[in-house]
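Listed below, chain by chain, are the residues.
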Amino acid sequence: MGRTEETLGEDPYHVGLLATAYVKGLQGEKRDVLATLKHYVGHSFSEGARNHAPVHIGFKELNDTFLLPFEMAVKLGNAGSIMPAYHDIDGEPCHSSEYLLTQVLRHRWGFDGLLVADYGGVDLLYSHHGIASDSAGAAALSFNAGLDIELPDDACSTKLELAMERGEFSITKLDEIVTRILTMKFELGLFENPYCELPTEPLHNEESEQLTYQVAAESLVLLKNDGLLPLSNQTKVALLGATADDQLALLGGYSFPVHLILSSEESDARVAATLRETFEQAFDSVCFAKGCNILTERHANAPVFPGDVDLALSQCLDSPIDMDTSGFIEAGGAIQDSEVAVVCVGDLAGLFQTGTVGEGSDADSLDLPGVQQGLIDMALDSGKPVVVIVTGGRPYNLGRAESEAAAILYGWAPGQCGAQAITDALLGKVNPSGRLTVSIPKNVGAVPYYYNHKLKSGGTPIAYHFGSNYPFGYGLSYTSFEYDEVKIKDHKLEQEGSVEVTVSVRNSGPLAGHEVIQLYVRDMVSSLVRPIRELKGFSKLYLEPGEQKTVRFSLPVDMLNFTNHLHQRIVEAGDFDIMVGKSSTDIVFKETITVNGGTRILPRDWRMICEVEVI
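Residues numbered from 1 in each chain as written. Predicted model: local features only at pLDDT ≥ 70, side-chain atom pairs only at ≥ 80, totals over all residues. Heavy atoms only, no water.

S.K.: How would you summarise the sheet that holds strand β16 (residues 498–507) if you had to cite specific residues and measurements?
M.R.: Strand order in the open sheet formed by four strands is β14-β16-β19-β23, with antiparallel pairing between adjacent strands. Whereas interior strands pair on both sides, the edge strands pair on one side only; in this sheet they are β14 (481–488) and β23 (611–614). Strand-to-strand twist across the sheet, computed as the mean angle between neighbouring axes with direction ignored, equals 20 degrees. With six bridges connecting them, β14 and β16 associate as antiparallel partners. Each residue of the ladder has a partner; that of D484, found in β16, is S504. (Pairing = 2+ DSSP bridges. Helix = DSSP H or I, 4+ residues; strand = E, 2+ residues; numbered from the N terminus. Axes fitted to C-alpha atoms, helices over the stretch in contact; angles between N-to-C directions.)

S.K.: Residues and numbers for the packing of helix α10 (residues 275–282) against helix α14 (residues 418–427), please.
M.R.: In contact at an axis separation of 8 Å, α10 and α14 are set at 40 degrees when each is read in the N-to-C sense. Of the possible angle classes, the one that applies to α10 and α14 is oblique. Along this stretch, α10 crosses α14, giving a crossing that reads as right-handed. Residues L275, T278, F279, Q281 and A282 of α10 lie in contact with α14, whose contacting residues are A419, Q420, I422, T423, L426 and L427. (Parallel < 35°, antiparallel > 145°, perpendicular 65-115°, else oblique. Left-handed = near helix turned anticlockwise from the far one by under 90°. Contact = heavy atoms within 4.5 Å.)

S.K.: Could you give an account of helix α3 (residues 98–108), naming the residues involved and the relevant values?
M.R.: Among the residues making up α3, those that are buried are L100, L101, T102, V104, L105 and R106. Just past α3, the residue G110 takes up positive phi, approximately 80 degrees. (Buried < 20%, exposed > 50% of the residue type's maximum accessible area, 1.4 Å probe, protein only.)

S.K.: Tell me about a nonpolar patch on the surface, and name the residues and values.
M.R.: On the surface, V178, L182, F186 and F191 cluster together into a nonpolar patch covering about 370 Å² of accessible area. Secondary-structure assignment places F191 in the loop between α7 (171–188) and α8 (206–219). When its relative accessible area of 46% is taken as the criterion, F191 is described as partly exposed. (Patch = residues over 30% accessible without salt bridge, like charges linked within 9 Å, V, L, I, M, F, W, Y side chains within 5 Å. Areas by Shrake-Rupley, 256 points an atom, 1.4 Å probe, with all protein chains shown as cover. Salt bridge = Lys/Arg side-chain N within 4 Å of Asp/Glu carboxyl O.)

S.K.: Go over the sheet that holds strand β1 (residues 36–40) with me, naming the residues and quoting the values.
M.R.: Spatial strand order, β1-β2-β5: three strands in an open sheet with parallel pairing. Across the chains shown, the open sheet's two edge strands, defined by having one partner strand only, are β1 and β5 (114–115). In this structure, β1 lies alongside strand β2 (residues 81–84), joined through three bridges in parallel fashion. Its bridge partner lying in β2, Y40 is registered against P84.

S.K.: Help me get a handle on α7, residues and values and all.
M.R.: The first and last C-alpha atoms of α7 sit 26 Å apart over 18 residues, in line with the 26 Å expected at 1.5 Å per residue. Taken residue by residue, α7 has K173, I177, R180, I181 and M184 as its buried positions. Looking straight down α7, one finds its buried side chains confined to an arc of 90 degrees; they lie on one side. For α7, exposure combined with an orientation more than 90 degrees from the buried face picks out T172 and F186. Remark: G189 follows α7 within two positions and exhibits a positive phi of approximately 75 degrees. (Expected span 1.5 Å × (residues − 1). Arc of directions from axis to C-beta.)

S.K.: An account of the pairing of strand β9 (residues 340–346) is needed here, citing residue identities and associated values.
M.R.: Across the seven residues that make up β9, a large majority, seven, are buried. Neither face of β9 is open: one carries V340, V342, C344 and G346, the other A341, V343 and V345, and all of them are buried. As paired strands, strand β7 (residues 236–240) and β9 are joined by four bridges and run parallel to one another. By the bridge assignment, L239 is partnered in β9 with V342. Pairing of β9 with strand β10 (residues 386–391) involves six bridges; the strand directions are parallel. Residue pairing for β10: V345 is matched across the bridge by V390. In this fold, β9 hands off to helix α12 (residues 372–381), which returns the chain to β10; that crossover is right-handed. (Right-handed = clockwise from strand over helix to strand, strands pointing away.)

S.K.: Help me get a handle on the packing of helix α1 (residues 12–27) against helix α2 (residues 59–75), residues and values and all.
M.R.: Where α1 meets α2, the closest approach of the two axes is 8 Å, and the angle between their N-to-C directions is 25 degrees. When the axes of α1 and α2 are compared, the pair comes out roughly parallel. Both α1 and α2 take part in a crossing whose hand is right-handed. The residues of α2 that touch α1, namely those facing P12, Y13, V15, G16, L17, A19, T20 and V23, are D64, T65, L68, P69, M72 and A73.

S.K.: Got a sec to walk through unusual backbone geometry? Specific residues and values, please.
M.R.: Of note, the bond from K38 into H39 is cis; its omega dihedral lies within 30 degrees of zero at 0 degrees. Mapped onto the elements of the fold, H39 is located in strand β1. T460 connects to P461 through a cis peptide bond whose omega is -5 degrees. Residue position: P461 is located in the loop between β12 (440–441) and β13 (468–470). With a phi close to 55 degrees, A49 is a non-glycine residue in the positive phi region. One can find A49 in the loop between β1 and α2. Phi at N78 takes a positive value of approximately 60 degrees, unusual for a residue other than glycine. Locating N78 in the fold gives a position in the loop between α2 and β2.

What follows is the structure in structure tokens.
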């Protein structure tokens, strides 16, 4: 899916924690502004992982996997706004689902904020989904379902008077919506202070730059290292690849410079140093050769935008992906004059087919766009050590590099200071500490793949192409860590109790670094099929060489729940495997605990957080 770059990860609990913290940070303690959760709900599980495509899923799985992060952000973060998604679930579009927008959000969760339409989403009920005869009918469906505000304009809401005349919409429902909107405006103080104060200080300053660098540095994921990294600044480096000297290769699809492409605007503004620039400052010898391009051109050429009436079924566009390999010759020469080849590959973010990743820029493969894999293979054929740096918004299969490259580093979309963070990581000034929040499937035939799958997901017998060499939670460091004295306090618990797990971790390597301790659970016998493993807690721990610390997890039994056929969250008594690991597959400890009692239906305010403490 093109919008993989926008996800926080594949685990619902992990996403819920991050979303809750994000909402709290945006809104502040008093909810002075409204954070909008999007896209509600199941947007990432569409047919073929295509933007807007239908979703086929039952409510039990929808609730356990896709609704959970929203529920956490609403109940724990007090999110003030939610945006429905474009797609339909089992034939019912989210923008017209009274069950999702009113029954679940407002009645079950107590959501007291505003529901705002995705851009053009109301009209799509008429123009795309075909469940309304015109825009007035589409408006009536959405606002009756629970929507409060149409965005980005009033294309359909101005037709509500016609809907009233036809008996499709009532003044009572209108008053209900207006009451919610006015109440929120009063609470925000918009009638007393309708305008934001102009900033008196620049938004970009030394503090923000330091934070940007920290975020980039801590998000780097080292997938492979045969001991080559870190490099010396005296190493003679051949720097290759289409992303090595392009600042846009470090940015996501919703960054402002990428938006300029969509508007056919051009700018020579510098917002980020490129990898080439930071390499040339850091290393004594850098020989740069681009080797190839990703796109032949970048411009706004999408055949269909959200809300367009023309379905463009007959559109036939030529791919803008560049397949020219003539630059390989120059790249080969650069490699021969160097000691190490650093090959920079990945994506160019762009909305609606102006790039290779981003909203509307869907993909059908896990192969790198264009001839980038060929550039990697040419570097491997040289016999010189090869370091692969991947930037962009989605994971990729890297072919021979996964077995033959000396090192592989994922930088994702690291932003303004991303190039400096990556360069510092190669020099050892930054010890990579990121962990994968999305698994990298072995093969596109395994997609959709996620670590918390059902036992039968791989088929029977398990398909050879199923699984992941680099699963959720995986990531290497320049140092090493040892786990010791993993203990569970009580192996038999009541429904109201908590599982207490302690684990000691020691940095047994030569460098300071971070370890991410991960707590997983498996329901051994259940009335419904459960995943093979589910993340329930984690802690990022900084340790100096030789230093040891103990982490304590307190996991509420409530978090062992799943959804029954009555759409209730329940915890069934029985046995659960408690696991501690370095990733979702590298498990270093496993013991079984027993929950006593019968089946418990959880209250609305159930315990949703695994408390973590360093002791």
